[in-house]
Amino acid sequence: MSHAIMTYAIQQQGDSRSFPAGDAFLTGATKDADVVLHLGAPFKADAGKKAVLVELNAECLAEHVDEADPSCKNVLGFARYRNGGDAPSKLIELVRLPVTDAAAIDAAKAVFEAAGFTVVVCADQPGRILDRLLRPKYNAALRFLDEGLATAQDMDTTCKLGLGYPDGPIERVMRGGLKHHHDVTRALFETYGTAAYAPPRLAVAAAKRGAR
Amino acid sequence: MGAGIAIVAARSGYNVVCYDTAEAPLAKTVKQTEGFFQKSVERGKMTEADRDAVLARFERTTDIVRLAACDLVIEAVFENLEVKRNLLAQLAAVCRPDTIFGSNTSTLSITEIASGCPNPERVVGMHFCLPAQLMKLVEMSPGILTSDAVFKAAWDWTLACGQIPVRTQDKPGFILNALLVPFNNDAIRAIEAGVADAKSIDTAIKVGLGYKMGPLELIDLIGLDTQVRLCEAFYPITLDPRAACPPLLRRMVAAGLLGRKSGRGFYNYDGNAMFGA
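Residues numbered from 1 in each chain as written. Chains lettered and ligands numbered in written order. Predicted model: local features only at pLDDT ≥ 70, side-chain atom pairs only at ≥ 80, totals over all residues.

(A) Up close: the overall build of chain B. What chain B contains, in helices and strands, is 11 helices and nine strands. Taking 19 Å as the expected radius of gyration for a compact globule of 277 residues, we find that chain B reaches 20 Å, a close match to that expectation. Along the longest, intermediate and shortest principal axes, the C-alpha atoms of chain B span 55 × 45 × 35 Å. Across the 277 residues of chain B, 43% fall into the buried class. Once local pairs closer than 6 in sequence are excluded, the contacts in chain B between residues at least 24 apart make up 63%. (Helix = DSSP H or I, 4+ residues; strand = E, 2+ residues; numbered from the N terminus. Rg over C-alpha atoms; globule rule 2.2 N^0.38 Å. Buried ≥ 20, exposed ≤ 12 C-beta atoms within 10 Å, placed from the backbone. Contact = placed C-beta atoms within 7 Å.)

Written as C-alpha coordinates, this is what we have:
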(Lines give C-alpha, C1' and ligand atoms only; values in the text may rest on other atoms or scores of the structure.)
Protein backbone atom coordinates (compact mmCIF):
# COMPACT_ATOMS: atom_id res chain seq x y z
CA MET A 1 0.00 0.00 0.00
CA SER A 2 1.36 3.43 -0.82
CA HIS A 3 1.04 6.30 1.60
CA ALA A 4 1.82 10.01 1.49
CA ILE A 5 5.33 10.85 2.69
CA MET A 6 5.25 11.50 6.42
CA THR A 7 7.93 13.12 8.51
CA TYR A 8 8.52 12.00 12.08
CA ALA A 9 10.04 13.39 15.24
CA ILE A 10 11.37 11.37 18.16
CA GLN A 11 11.09 12.09 21.88
CA GLN A 12 13.48 9.68 23.58
CA GLN A 13 14.35 8.96 27.19
CA GLY A 14 16.63 6.00 27.89
CA ASP A 15 17.16 3.00 25.66
CA SER A 16 14.63 1.85 23.11
CA ARG A 17 14.05 -1.88 22.46
CA SER A 18 12.58 -1.07 19.06
CA PHE A 19 15.30 1.26 17.90
CA PRO A 20 18.61 0.67 19.70
CA ALA A 21 21.34 3.30 19.48
CA GLY A 22 22.66 3.54 15.95
CA ASP A 23 19.47 2.20 14.33
CA ALA A 24 18.97 3.79 10.93
CA PHE A 25 15.40 4.76 11.76
CA LEU A 26 16.63 7.21 14.40
CA THR A 27 18.61 9.17 11.85
CA GLY A 28 15.53 9.85 9.71
CA ALA A 29 13.78 11.90 12.39
CA THR A 30 13.17 15.64 11.97
CA LYS A 31 12.29 18.33 14.49
CA ASP A 32 8.90 19.54 13.33
CA ALA A 33 7.07 16.56 11.88
CA ASP A 34 3.68 15.06 11.03
CA VAL A 35 4.11 12.19 13.47
CA VAL A 36 5.85 12.08 16.85
CA LEU A 37 7.22 8.91 18.46
CA HIS A 38 7.74 8.61 22.21
CA LEU A 39 10.58 6.21 22.92
CA GLY A 40 10.57 5.86 26.67
CA ALA A 41 9.72 9.53 27.03
CA PRO A 42 6.55 10.37 28.99
CA PHE A 43 3.48 10.48 26.78
CA LYS A 44 2.26 13.92 25.86
CA ALA A 45 -0.93 14.44 23.85
CA ASP A 46 -0.63 16.57 20.73
CA ALA A 47 -3.82 16.97 18.73
CA GLY A 48 -1.89 18.87 16.07
CA LYS A 49 -0.02 15.77 14.94
CA LYS A 50 -1.31 13.25 12.44
CA ALA A 51 -0.29 10.54 14.90
CA VAL A 52 1.35 10.27 18.30
CA LEU A 53 3.09 6.94 18.78
CA VAL A 54 4.03 5.45 22.13
CA GLU A 55 6.64 2.69 22.24
CA LEU A 56 5.40 -0.27 24.26
CA ASN A 57 7.25 -3.04 26.00
CA ALA A 58 5.15 -5.59 27.90
CA GLU A 59 2.56 -3.03 28.90
CA CYS A 60 -0.68 -2.04 27.19
CA LEU A 61 -1.23 1.37 25.65
CA ALA A 62 -4.09 1.90 28.09
CA GLU A 63 -1.48 2.22 30.84
CA HIS A 64 -0.38 5.47 29.20
CA VAL A 65 -3.69 6.91 28.03
CA ASP A 66 -7.40 6.60 28.75
CA GLU A 67 -8.57 4.33 25.94
CA ALA A 68 -12.01 5.93 25.88
CA ASP A 69 -10.75 9.53 25.73
CA PRO A 70 -11.79 10.92 22.33
CA SER A 71 -8.90 13.41 22.46
CA CYS A 72 -6.60 10.38 22.06
CA LYS A 73 -7.93 9.48 18.64
CA ASN A 74 -4.51 10.13 17.06
CA VAL A 75 -2.63 8.07 19.66
CA LEU A 76 -1.29 4.61 18.90
CA GLY A 77 1.13 2.25 20.58
CA PHE A 78 3.79 0.31 18.77
CA ALA A 79 6.51 -2.27 19.33
CA ARG A 80 9.09 -3.61 16.93
CA TYR A 81 9.14 -7.33 17.49
CA ARG A 82 12.31 -8.59 19.04
CA ASN A 83 13.08 -12.01 20.48
CA GLY A 84 14.75 -11.05 23.75
CA GLY A 85 18.33 -10.10 23.04
CA ASP A 86 18.10 -10.87 19.31
CA ALA A 87 18.36 -8.00 16.86
CA PRO A 88 14.98 -6.32 16.24
CA SER A 89 12.94 -7.73 13.35
CA LYS A 90 11.34 -5.83 10.49
CA LEU A 91 7.90 -6.22 12.06
CA ILE A 92 6.04 -3.38 13.76
CA GLU A 93 2.98 -4.25 15.83
CA LEU A 94 0.82 -1.13 15.76
CA VAL A 95 -1.63 -0.93 18.65
CA ARG A 96 -4.90 0.84 18.20
CA LEU A 97 -7.46 1.98 20.76
CA PRO A 98 -11.24 1.88 20.35
CA VAL A 99 -11.17 5.64 19.64
CA THR A 100 -8.28 5.55 17.16
CA ASP A 101 -8.88 7.31 13.83
CA ALA A 102 -8.16 5.49 10.58
CA ALA A 103 -6.16 8.55 9.47
CA ALA A 104 -3.81 8.16 12.43
CA ILE A 105 -3.26 4.49 11.55
CA ASP A 106 -2.49 5.46 7.95
CA ALA A 107 0.00 8.10 9.10
CA ALA A 108 1.77 5.68 11.43
CA LYS A 109 1.90 3.01 8.73
CA ALA A 110 3.32 5.54 6.27
CA VAL A 111 6.18 6.39 8.61
CA PHE A 112 7.15 2.80 9.29
CA GLU A 113 6.60 1.40 5.81
CA ALA A 114 8.66 4.19 4.26
CA ALA A 115 11.49 3.01 6.52
CA GLY A 116 11.15 -0.56 5.25
CA PHE A 117 9.11 -2.09 8.07
CA THR A 118 6.08 -4.36 7.77
CA VAL A 119 3.20 -3.13 9.90
CA VAL A 120 0.36 -5.14 11.40
CA VAL A 121 -2.44 -3.52 13.36
CA CYS A 122 -3.75 -5.09 16.54
CA ALA A 123 -5.93 -4.33 19.53
CA ASP A 124 -4.50 -3.14 22.82
CA GLN A 125 -4.26 -6.53 24.50
CA PRO A 126 -1.38 -7.94 26.55
CA GLY A 127 1.23 -9.64 24.40
CA ARG A 128 -0.22 -8.04 21.28
CA ILE A 129 -0.08 -10.71 18.52
CA LEU A 130 3.30 -12.36 18.81
CA ASP A 131 3.97 -12.72 22.50
CA ARG A 132 0.35 -13.76 23.01
CA LEU A 133 0.79 -16.60 20.50
CA LEU A 134 4.42 -17.56 20.95
CA ARG A 135 4.96 -17.56 24.70
CA PRO A 136 2.51 -20.41 25.42
CA LYS A 137 4.22 -22.46 22.71
CA TYR A 138 7.65 -21.83 24.21
CA ASN A 139 6.23 -22.69 27.63
CA ALA A 140 4.94 -25.98 26.27
CA ALA A 141 8.29 -26.77 24.63
CA LEU A 142 10.18 -26.04 27.87
CA ARG A 143 7.72 -28.18 29.81
CA PHE A 144 8.14 -31.03 27.30
CA LEU A 145 11.87 -30.74 27.82
CA ASP A 146 11.40 -31.08 31.58
CA GLU A 147 9.12 -34.08 31.07
CA GLY A 148 11.61 -35.82 28.80
CA LEU A 149 9.33 -35.93 25.76
CA ALA A 150 12.38 -35.44 23.55
CA THR A 151 15.74 -33.75 23.56
CA ALA A 152 15.97 -30.05 22.80
CA GLN A 153 17.74 -30.88 19.56
CA ASP A 154 15.03 -33.32 18.46
CA MET A 155 12.28 -30.83 19.29
CA ASP A 156 14.01 -28.15 17.26
CA THR A 157 14.75 -30.54 14.40
CA THR A 158 11.11 -31.60 14.34
CA CYS A 159 9.90 -28.01 13.97
CA LYS A 160 12.48 -27.18 11.32
CA LEU A 161 11.97 -30.29 9.20
CA GLY A 162 8.28 -30.82 9.87
CA LEU A 163 7.10 -27.24 9.66
CA GLY A 164 9.85 -25.42 7.78
CA TYR A 165 10.63 -23.10 10.68
CA PRO A 166 14.03 -21.37 10.46
CA ASP A 167 14.71 -22.32 14.07
CA GLY A 168 13.15 -24.47 16.76
CA PRO A 169 11.28 -23.30 19.86
CA ILE A 170 13.98 -24.27 22.33
CA GLU A 171 16.88 -22.67 20.48
CA ARG A 172 14.78 -19.54 19.91
CA VAL A 173 13.69 -19.11 23.51
CA MET A 174 17.19 -19.87 24.78
CA ARG A 175 18.73 -17.42 22.34
CA GLY A 176 16.25 -14.72 23.38
CA GLY A 177 17.08 -15.39 27.01
CA LEU A 178 15.18 -17.36 29.65
CA LYS A 179 15.07 -14.33 31.94
CA HIS A 180 13.41 -12.33 29.19
CA HIS A 181 10.95 -15.17 28.64
CA HIS A 182 10.25 -15.25 32.35
CA ASP A 183 9.54 -11.52 32.48
CA VAL A 184 7.23 -11.60 29.46
CA THR A 185 5.30 -14.67 30.59
CA ARG A 186 4.95 -13.41 34.14
CA ALA A 187 3.38 -10.20 32.88
CA LEU A 188 1.02 -12.16 30.63
CA PHE A 189 0.16 -14.59 33.40
CA GLU A 190 -0.70 -11.77 35.78
CA THR A 191 -3.14 -10.38 33.24
CA TYR A 192 -4.68 -13.49 31.68
CA GLY A 193 -4.40 -15.76 34.70
CA THR A 194 -4.31 -18.90 32.56
CA ALA A 195 -1.80 -21.68 33.09
CA ALA A 196 -0.54 -21.48 29.51
CA TYR A 197 1.22 -18.22 30.37
CA ALA A 198 2.68 -19.27 33.71
CA PRO A 199 6.48 -18.94 33.62
CA PRO A 200 7.97 -22.43 33.29
CA ARG A 201 10.47 -23.92 35.73
CA LEU A 202 13.55 -23.27 33.61
CA ALA A 203 12.64 -19.61 33.15
CA VAL A 204 11.81 -19.12 36.85
CA ALA A 205 15.13 -20.68 37.80
CA ALA A 206 17.01 -18.48 35.34
CA ALA A 207 15.33 -15.36 36.69
CA LYS A 208 16.07 -16.31 40.31
CA ARG A 209 19.74 -16.91 39.69
CA GLY A 210 20.02 -13.68 37.70
CA ALA A 211 20.82 -15.34 34.37
CA ARG A 212 20.08 -13.66 31.07
CA MET B 1 -0.08 -41.11 3.24
CA GLY B 2 0.56 -44.79 2.68
CA ALA B 3 1.56 -44.14 -0.93
CA GLY B 4 4.16 -41.61 0.18
CA ILE B 5 5.68 -44.02 2.68
CA ALA B 6 5.73 -46.75 0.03
CA ILE B 7 7.60 -44.42 -2.32
CA VAL B 8 10.18 -43.70 0.40
CA ALA B 9 10.79 -47.41 0.90
CA ALA B 10 10.82 -48.43 -2.76
CA ARG B 11 13.22 -45.75 -3.92
CA SER B 12 15.61 -46.86 -1.17
CA GLY B 13 15.75 -50.31 -2.69
CA TYR B 14 13.18 -52.16 -0.60
CA ASN B 15 10.47 -54.38 -2.04
CA VAL B 16 7.10 -52.98 -1.04
CA VAL B 17 3.73 -54.65 -0.71
CA CYS B 18 0.86 -52.14 -0.64
CA TYR B 19 -2.18 -53.59 1.06
CA ASP B 20 -5.68 -52.16 1.22
CA THR B 21 -9.05 -53.74 1.77
CA ALA B 22 -10.44 -52.35 -1.49
CA GLU B 23 -9.24 -52.08 -5.09
CA ALA B 24 -10.14 -48.41 -5.56
CA PRO B 25 -7.63 -46.96 -3.05
CA LEU B 26 -4.99 -49.33 -4.36
CA ALA B 27 -5.60 -48.08 -7.89
CA LYS B 28 -5.20 -44.57 -6.57
CA THR B 29 -1.91 -45.54 -4.94
CA VAL B 30 -0.67 -46.99 -8.24
CA LYS B 31 -1.57 -43.78 -10.03
CA GLN B 32 0.11 -41.63 -7.37
CA THR B 33 3.33 -43.63 -7.29
CA GLU B 34 3.63 -43.91 -11.06
CA GLY B 35 2.91 -40.21 -11.38
CA PHE B 36 5.52 -39.35 -8.77
CA PHE B 37 8.28 -41.34 -10.43
CA GLN B 38 7.29 -40.13 -13.91
CA LYS B 39 7.71 -36.53 -12.65
CA SER B 40 11.11 -37.52 -11.26
CA VAL B 41 12.13 -38.69 -14.72
CA GLU B 42 10.78 -35.53 -16.38
CA ARG B 43 12.74 -33.39 -13.94
CA GLY B 44 15.91 -35.32 -14.61
CA LYS B 45 16.13 -36.77 -11.11
CA MET B 46 16.07 -40.38 -12.28
CA THR B 47 16.39 -42.33 -15.51
CA GLU B 48 13.54 -44.22 -17.12
CA ALA B 49 15.37 -47.45 -16.33
CA ASP B 50 15.60 -46.48 -12.64
CA ARG B 51 11.91 -45.60 -12.65
CA ASP B 52 11.00 -48.97 -14.10
CA ALA B 53 13.22 -50.72 -11.56
CA VAL B 54 11.57 -48.88 -8.65
CA LEU B 55 8.06 -49.55 -9.93
CA ALA B 56 8.94 -53.22 -10.32
CA ARG B 57 9.54 -53.35 -6.57
CA PHE B 58 5.87 -52.57 -5.87
CA GLU B 59 3.23 -55.21 -5.31
CA ARG B 60 -0.41 -54.31 -4.66
CA THR B 61 -2.87 -56.57 -2.93
CA THR B 62 -6.19 -56.76 -1.15
CA ASP B 63 -5.14 -60.02 0.45
CA ILE B 64 -3.52 -59.45 3.84
CA VAL B 65 -1.82 -62.82 3.65
CA ARG B 66 0.52 -61.34 1.01
CA LEU B 67 2.15 -59.41 3.88
CA ALA B 68 3.28 -62.63 5.54
CA ALA B 69 6.85 -62.42 4.31
CA CYS B 70 7.40 -58.75 5.19
CA ASP B 71 10.12 -57.75 7.68
CA LEU B 72 8.41 -54.45 8.45
CA VAL B 73 4.76 -53.47 8.09
CA ILE B 74 3.86 -49.78 8.47
CA GLU B 75 0.18 -49.09 8.94
CA ALA B 76 -1.28 -45.77 7.78
CA VAL B 77 -4.97 -46.51 8.21
CA PHE B 78 -7.68 -44.19 9.52
CA GLU B 79 -6.79 -42.46 12.79
CA ASN B 80 -9.01 -44.61 14.97
CA LEU B 81 -7.73 -46.69 17.84
CA GLU B 82 -10.04 -49.69 17.29
CA VAL B 83 -9.33 -49.76 13.56
CA LYS B 84 -5.58 -49.80 14.20
CA ARG B 85 -5.83 -52.35 17.02
CA ASN B 86 -7.89 -54.68 14.85
CA LEU B 87 -5.47 -54.34 11.96
CA LEU B 88 -2.51 -55.24 14.19
CA ALA B 89 -4.37 -58.28 15.45
CA GLN B 90 -4.92 -59.41 11.84
CA LEU B 91 -1.30 -58.72 10.95
CA ALA B 92 -0.07 -60.69 13.96
CA ALA B 93 -2.07 -63.65 12.70
CA VAL B 94 -0.43 -63.68 9.26
CA CYS B 95 3.09 -62.27 9.78
CA ARG B 96 6.18 -63.88 11.28
CA PRO B 97 6.69 -63.36 15.03
CA ASP B 98 9.70 -61.15 14.34
CA THR B 99 7.99 -58.86 11.83
CA ILE B 100 8.11 -55.28 13.08
CA PHE B 101 4.88 -53.31 13.05
CA GLY B 102 5.23 -49.54 12.62
CA SER B 103 2.30 -47.21 13.20
CA ASN B 104 2.05 -43.92 11.35
CA THR B 105 -0.35 -42.51 13.93
CA SER B 106 0.00 -38.79 14.60
CA THR B 107 -2.18 -38.58 17.69
CA LEU B 108 -2.86 -41.99 19.19
CA SER B 109 -0.84 -43.81 21.82
CA ILE B 110 1.57 -46.41 20.47
CA THR B 111 1.13 -48.43 23.64
CA GLU B 112 -2.64 -48.51 23.21
CA ILE B 113 -2.38 -49.41 19.54
CA ALA B 114 0.09 -52.17 20.42
CA SER B 115 -2.39 -53.63 22.88
CA GLY B 116 -4.19 -55.09 19.85
CA CYS B 117 -1.18 -57.23 19.18
CA PRO B 118 -0.34 -60.46 21.08
CA ASN B 119 3.35 -59.47 21.13
CA PRO B 120 3.33 -55.69 21.60
CA GLU B 121 7.11 -55.47 21.97
CA ARG B 122 7.35 -55.41 18.16
CA VAL B 123 5.17 -52.31 17.69
CA VAL B 124 6.83 -48.92 17.22
CA GLY B 125 5.59 -45.42 16.35
CA MET B 126 6.81 -44.15 12.97
CA HIS B 127 5.07 -40.90 12.20
CA PHE B 128 5.94 -39.61 8.73
CA CYS B 129 5.01 -36.05 7.74
CA LEU B 130 2.86 -35.18 4.75
CA PRO B 131 3.87 -35.50 1.97
CA ALA B 132 6.01 -38.42 3.12
CA GLN B 133 7.84 -38.74 -0.19
CA LEU B 134 9.17 -35.18 0.22
CA MET B 135 9.44 -34.65 3.98
CA LYS B 136 12.47 -36.12 5.71
CA LEU B 137 11.18 -36.10 9.28
CA VAL B 138 9.96 -39.24 11.04
CA GLU B 139 8.87 -39.04 14.69
CA MET B 140 9.74 -42.37 16.25
CA SER B 141 8.19 -43.44 19.52
CA PRO B 142 8.58 -46.63 21.50
CA GLY B 143 5.50 -47.81 23.37
CA ILE B 144 5.87 -48.93 26.98
CA LEU B 145 6.47 -52.52 25.86
CA THR B 146 8.44 -51.88 22.66
CA SER B 147 11.75 -53.76 22.77
CA ASP B 148 15.00 -51.87 22.34
CA ALA B 149 15.97 -54.15 19.48
CA VAL B 150 12.75 -53.42 17.60
CA PHE B 151 13.11 -49.68 18.11
CA LYS B 152 16.72 -49.78 16.90
CA ALA B 153 15.86 -51.87 13.85
CA ALA B 154 13.05 -49.49 12.88
CA TRP B 155 15.33 -46.49 13.50
CA ASP B 156 18.07 -47.99 11.31
CA TRP B 157 15.57 -48.75 8.55
CA THR B 158 14.40 -45.12 8.64
CA LEU B 159 17.98 -43.93 8.29
CA ALA B 160 18.59 -46.39 5.46
CA CYS B 161 15.65 -44.79 3.64
CA GLY B 162 17.35 -41.39 3.85
CA GLN B 163 14.86 -40.07 6.39
CA ILE B 164 15.73 -38.11 9.55
CA PRO B 165 14.26 -39.75 12.65
CA VAL B 166 13.71 -38.00 15.97
CA ARG B 167 12.93 -39.89 19.15
CA THR B 168 9.91 -38.93 21.23
CA GLN B 169 8.07 -40.45 24.14
CA ASP B 170 4.70 -42.07 23.49
CA LYS B 171 2.66 -38.98 24.35
CA PRO B 172 -0.32 -37.40 22.58
CA GLY B 173 0.80 -35.67 19.39
CA PHE B 174 4.43 -36.59 20.00
CA ILE B 175 6.38 -33.37 19.30
CA LEU B 176 4.94 -31.91 16.12
CA ASN B 177 1.24 -31.98 16.80
CA ALA B 178 1.64 -31.42 20.53
CA LEU B 179 3.18 -28.04 19.70
CA LEU B 180 1.20 -27.25 16.57
CA VAL B 181 -2.43 -28.03 17.39
CA PRO B 182 -2.64 -25.74 20.46
CA PHE B 183 -0.65 -23.04 18.67
CA ASN B 184 -3.07 -23.06 15.75
CA ASN B 185 -5.99 -22.91 18.18
CA ASP B 186 -4.40 -19.93 19.90
CA ALA B 187 -4.28 -18.11 16.56
CA ILE B 188 -8.01 -18.74 16.06
CA ARG B 189 -8.71 -17.53 19.60
CA ALA B 190 -6.77 -14.35 18.89
CA ILE B 191 -9.24 -13.64 16.08
CA GLU B 192 -12.15 -14.47 18.41
CA ALA B 193 -10.74 -12.08 21.00
CA GLY B 194 -10.49 -9.28 18.44
CA VAL B 195 -6.72 -9.01 18.73
CA ALA B 196 -6.21 -8.88 14.96
CA ASP B 197 -7.51 -10.34 11.71
CA ALA B 198 -6.17 -13.48 10.06
CA LYS B 199 -3.94 -11.67 7.60
CA SER B 200 -2.32 -9.55 10.33
CA ILE B 201 -1.69 -12.59 12.51
CA ASP B 202 -0.13 -14.56 9.67
CA THR B 203 1.93 -11.58 8.55
CA ALA B 204 3.22 -11.05 12.09
CA ILE B 205 4.30 -14.68 12.33
CA LYS B 206 5.95 -14.72 8.92
CA VAL B 207 7.78 -11.40 9.16
CA GLY B 208 8.56 -11.58 12.86
CA LEU B 209 9.83 -15.16 12.88
CA GLY B 210 10.63 -16.01 9.29
CA TYR B 211 8.04 -18.80 9.04
CA LYS B 212 7.01 -19.71 5.51
CA MET B 213 3.34 -19.85 6.42
CA GLY B 214 1.18 -18.34 9.11
CA PRO B 215 -0.97 -20.54 11.38
CA LEU B 216 -4.24 -19.55 9.73
CA GLU B 217 -2.88 -20.17 6.26
CA LEU B 218 -1.73 -23.55 7.51
CA ILE B 219 -5.15 -24.41 8.95
CA ASP B 220 -6.71 -23.44 5.61
CA LEU B 221 -4.26 -25.79 3.91
CA ILE B 222 -4.82 -28.82 6.16
CA GLY B 223 -8.55 -28.13 6.42
CA LEU B 224 -10.57 -26.60 9.21
CA ASP B 225 -12.40 -29.90 9.65
CA THR B 226 -9.05 -31.63 10.13
CA GLN B 227 -8.14 -29.12 12.83
CA VAL B 228 -11.44 -29.92 14.56
CA ARG B 229 -10.63 -33.63 14.42
CA LEU B 230 -7.18 -33.00 15.87
CA CYS B 231 -8.73 -31.04 18.73
CA GLU B 232 -11.18 -33.85 19.34
CA ALA B 233 -8.31 -36.32 19.45
CA PHE B 234 -6.16 -34.25 21.80
CA TYR B 235 -8.41 -32.52 24.23
CA PRO B 236 -10.07 -35.58 25.82
CA ILE B 237 -6.63 -37.10 26.44
CA THR B 238 -4.70 -34.04 27.55
CA LEU B 239 -7.47 -31.82 29.03
CA ASP B 240 -5.23 -28.96 27.91
CA PRO B 241 -7.52 -25.93 27.40
CA ARG B 242 -5.35 -24.83 24.48
CA ALA B 243 -6.18 -28.09 22.71
CA ALA B 244 -9.94 -27.56 23.05
CA CYS B 245 -11.68 -26.69 19.80
CA PRO B 246 -12.27 -22.91 19.54
CA PRO B 247 -15.97 -22.08 19.01
CA LEU B 248 -15.15 -20.00 15.91
CA LEU B 249 -13.55 -23.05 14.29
CA ARG B 250 -16.67 -25.15 14.87
CA ARG B 251 -18.90 -22.40 13.49
CA MET B 252 -16.79 -22.05 10.37
CA VAL B 253 -16.84 -25.80 9.73
CA ALA B 254 -20.62 -25.81 10.25
CA ALA B 255 -20.84 -23.07 7.63
CA GLY B 256 -18.87 -25.17 5.17
CA LEU B 257 -15.76 -23.01 5.40
CA LEU B 258 -13.16 -25.77 5.36
CA GLY B 259 -10.20 -23.87 3.92
CA ARG B 260 -8.59 -24.30 0.53
CA LYS B 261 -10.53 -27.44 -0.33
CA SER B 262 -13.87 -25.63 -0.05
CA GLY B 263 -12.63 -22.35 -1.54
CA ARG B 264 -12.94 -20.41 1.69
CA GLY B 265 -11.65 -20.63 5.21
CA PHE B 266 -9.83 -17.85 6.98
CA TYR B 267 -9.11 -16.59 3.46
CA ASN B 268 -11.05 -16.65 0.21
CA TYR B 269 -9.45 -18.60 -2.63
CA ASP B 270 -10.36 -17.36 -6.08
CA GLY B 271 -8.04 -19.15 -8.48
CA ASN B 272 -4.57 -18.51 -7.13
CA ALA B 273 -5.50 -15.28 -5.39
CA MET B 274 -5.90 -15.11 -1.63
CA PHE B 275 -7.99 -12.53 0.14
CA GLY B 276 -8.51 -12.01 3.84
CA ALA B 277 -11.93 -13.35 4.78
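(B) Structural view of the overall build of chain A. Along chain A, the regular secondary structure elements total seven helices and six strands. Listing the helices and strands of chain A from first to last along the sequence gives β-α-β-β-β-β-α-β-α-α-α-α-α. Taken along its principal axes, the extent of the C-alpha atoms in chain A is 60 × 30 × 30 Å. Of all 212 residues assigned to chain A, the portion counted as buried reaches 42%. In chain A, once contacts between residues fewer than 6 apart in sequence are set aside, the share between residues at least 24 apart is 60%.

(C) Focus on the domain arrangement of chain B. We note that the domain assignment places domain 1 (2-167) and domain 2 (177-276) within chain B. The gap between the C-alpha centroids of domain 1 of chain B and domain 2 of chain B is 29 Å. (Domains from an automatic or database assignment.)

(D) Structural detail: the confidence of the model for chain B. All names here are of chain B. Averaged over chain B, the pLDDT score is 94; the fraction of residues at 70 or greater is 97%. The model gives residues 272-277 a pLDDT under 50, and that stretch makes 13 contacts with residues more than four places away or in other chains. The ipTM, which scores confidence in the relative placement of chains, is 0.96 for this predicted complex, and the corresponding pTM is 0.92. (pLDDT = per-residue confidence, 0-100.)

(E) Up close: the interface of chain A and chain B. Across the boundary between the two partners, chain A contributes 36 residues, which contact 35 residues of chain B. Broken down by secondary-structure element, the contributors of at least two residues to the side of chain A that touches chain B are β5 (91-96), β6 (118-123), α3 (130-147) and α4 (152-163) of chain A. Here the side of chain A that touches chain B is built from residues that sort into 23 nonpolar, eight polar and five charged. (Nonpolar A, V, L, I, M, F, W, Y, C, P; charged D, E, K, R; others polar.)

(F) Representation of the nonpolar core within the structure. Counting 126 residues, the largest nonpolar core has A108(A) and I129(A) as its most contacted members. Looking at this core element by element, the count peaks at nine residues for helix α7 (residues 176-192) of chain B. If we ignore the near neighbours within four places in the chain, the residues touching I129(A) are E93(A), V120(A), C122(A), A190(B), V195(B), A196(B), S200(B), I201(B) and A204(B). (Core = buried A, V, L, I, M, F, W, Y, C linked by C-beta atoms within 7 Å.)

(G) Here's a closer look at the environment of N139(A). By the element assignment, N139(A) lies in helix α3. In the structure, N139(A) is positioned 103 residues away from V36(A) in sequence and 36 Å away in space, judged by C-alpha atoms.

(H) Region of the structure containing the environment of M155(A). One can find M155(A) in helix α4. In sequence terms M155(A) and D46(A) are 109 residues apart; their C-alpha atoms lie 49 Å from each other. Those residues within four positions of M155(A) in sequence are excluded, and the remaining contacts are A141(A), F144(A), A150(A), G168(A), P169(A), I170(A) and I175(B).

(I) Region of interest: the sheet that holds strand β4 (residues 75-80) of chain A. Residue and element names in this part refer to chain A. Pairing is mixed across the open sheet formed by six strands, whose spatial order is β1-β2-β3-β4-β5-β6. The strands lining the two open edges of the sheet, one partner per strand, are β1 (8-12) and β6. Neighbour-to-neighbour, the strand axes of the sheet open up by a mean angle of 25°, direction not taken into account. Sheet analysis places β1 next to strand β2 (residues 35-39), joined by five bridges and oriented parallel. Paired with Q11 across the bridge in β2 is H38. (Pairing = 2+ DSSP bridges. Axes fitted to C-alpha atoms, helices over the stretch in contact; angles between N-to-C directions.)

(J) Structural view of the environment of K28(B). Assignment of secondary structure puts K28(B) in helix α2 (residues 23-42). Among the residues examined, K28(B) registers 12 C-beta atoms within 10 Å and is labelled exposed.

(K) Representation of the sheet that holds strand β6 (residues 137-142) of chain B within the structure. Residues and elements named next belong to chain B. Taken together, five strands build an open sheet; the order of strands is β3-β4-β5-β6-β7 and the sheet is mixed. Two strands in the sheet have a free side with no partner beyond their single neighbour: β3 (72-75) and β7 (164-167). When strand polarity is set aside, the average angle formed by the axes of neighbouring strands in this sheet is 30°. Bridge analysis of β3 against strand β4 (residues 100-103) gives four bridges, and the strand direction is parallel. Looking at the pairing, E75 lines up with S103 of β4.

(L) Spatial organisation of the packing of helix α8 (residues 198-209) of chain B against helix α9 (residues 215-222) of chain B. Residue and element names in this part refer to chain B. In contact at an axis separation of 7 Å, α8 and α9 are set at 110° when each is read in the N-to-C sense. Regarding the angle of α8 to α9, the classification is roughly perpendicular. In this structure, α8 contributes A198, I201, D202 and I205 to the contact, and α9 contributes P215, L216 and E217. Taken together, the residues of the contact of α8 with α9 sort by class into five nonpolar, no polar and two charged. (Parallel < 35°, antiparallel > 145°, perpendicular 65-115°, else oblique.)

(M) Summary view of the domain arrangement of chain A. Residues and elements named next belong to chain A. On domain assignment, one finds that chain A holds domain 1 (8-123) and domain 2 (131-208). Distance between the C-alpha centres of domain 1 and domain 2: 28 Å. Contact residues are listed per partner, giving five residues for domain 1 and seven residues for domain 2. Of the residues belonging to the side of domain 1 that touches domain 2, the class tally is one nonpolar, three polar and one charged.

(N) Representation of the pairing of β6(B). Residue and element names in this part refer to chain B. Across the six residues that make up β6, a large majority, six, are buried. Residues L137, E139 and S141 point to one face of β6 and V138, M140 and P142 to the other, with burial holding for every one of them. Bridging between strand β5 (residues 123-128) and β6 involves five bridges; their strand directions are antiparallel. Among the inter-strand pairings, H127 is bridged to a residue of β6, identified as E139. Judged from the four bridges that link them, β6 and β7 form a sheet pairing that is parallel. Bridge assignment links M140 to a residue of β7, and that residue is R167. Regarding topology, helix α6 (residues 148-160) serves as the crossover connection from β6 to the parallel β7, and that connection is right-handed. (Right-handed = clockwise from strand over helix to strand, strands pointing away.)

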